[in-house]
Amino acid sequence: MTPPYSPIQVPPVIVTGGGKRSRTVVYRAYPFLADWLHRAIGRQPWEVQGSARLSYVDPVSGQTVVINPNGHCDFTDGRHLGAGRPLTPIVVEAGGFAVQIWPRLHRRR
């Protein structure tokens, strides 16, 4: 879905629901940082996981639409000791919009 020069790459989304039996359509995407940006950031002692959710009612169909991108970046490139130490999560809840980010700090080998 995104061109190679985009810093965030979004592959084709997964769509569920929205049929005759469901009043909710869910769009899931698993975005990731482009390889060129990941290399530019380099090897770091941390990894980040996160998810977002945007929901609204489609005024035409009356169905609830949920857009749910989730991502995970491991800047240690797998070269770390142990499971790491979870840092304070970042959570934003604002009605139809929510973001949760879970950073983790690792010791390098």
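Residues numbered from 1 in each chain as written. Predicted model: local features only at pLDDT ≥ 70, side-chain atom pairs only at ≥ 80, totals over all residues. Heavy atoms only, no water.

Participant: Which residues make up the pattern of salt bridges, and what are the values?
Facilitator: Enumeration over the complete set of coordinates arrives at one salt bridge. Among the salt bridges present, the one from Glu 93 reaches Arg 53, with a minimum N-O distance of 3.7 Å. Within this pair, whereas Glu 93 is found in strand β8 (residues 90-94), its partner Arg 53 is found in strand β5 (residues 46-57), the two being separated by 40 residues in sequence. (Salt bridge = Lys/Arg side-chain N within 4 Å of Asp/Glu carboxyl O. Helix = DSSP H or I, 4+ residues; strand = E, 2+ residues; numbered from the N terminus.)

Participant: Let's hear about the packing of aromatic side chains: which residues, and what values?
Facilitator: According to the stated counting rule, one finds one aromatic pair in the structure shown. Ring centres of Trp 46 and Phe 75 lie 4.5 Å apart, and the angle between their planes is 55 degrees; this geometry places the pair in the tilted category. One end of the pair, Trp 46, is in strand β5; the other, Phe 75, is in the loop between β6 (64-74) and β7 (80-86), and 29 residues separate them in sequence. Residue class for Trp 46 comes out partly exposed when judged on its relative accessible area of 32%. (Phe/Tyr/Trp six-rings, centres within 6.5 Å; stacked < 30°, edge-to-face > 60°. Buried < 20%, exposed > 50% of the residue type's maximum accessible area, 1.4 Å probe, protein only.)

Shape descriptors only; they carry no functional weight alone.
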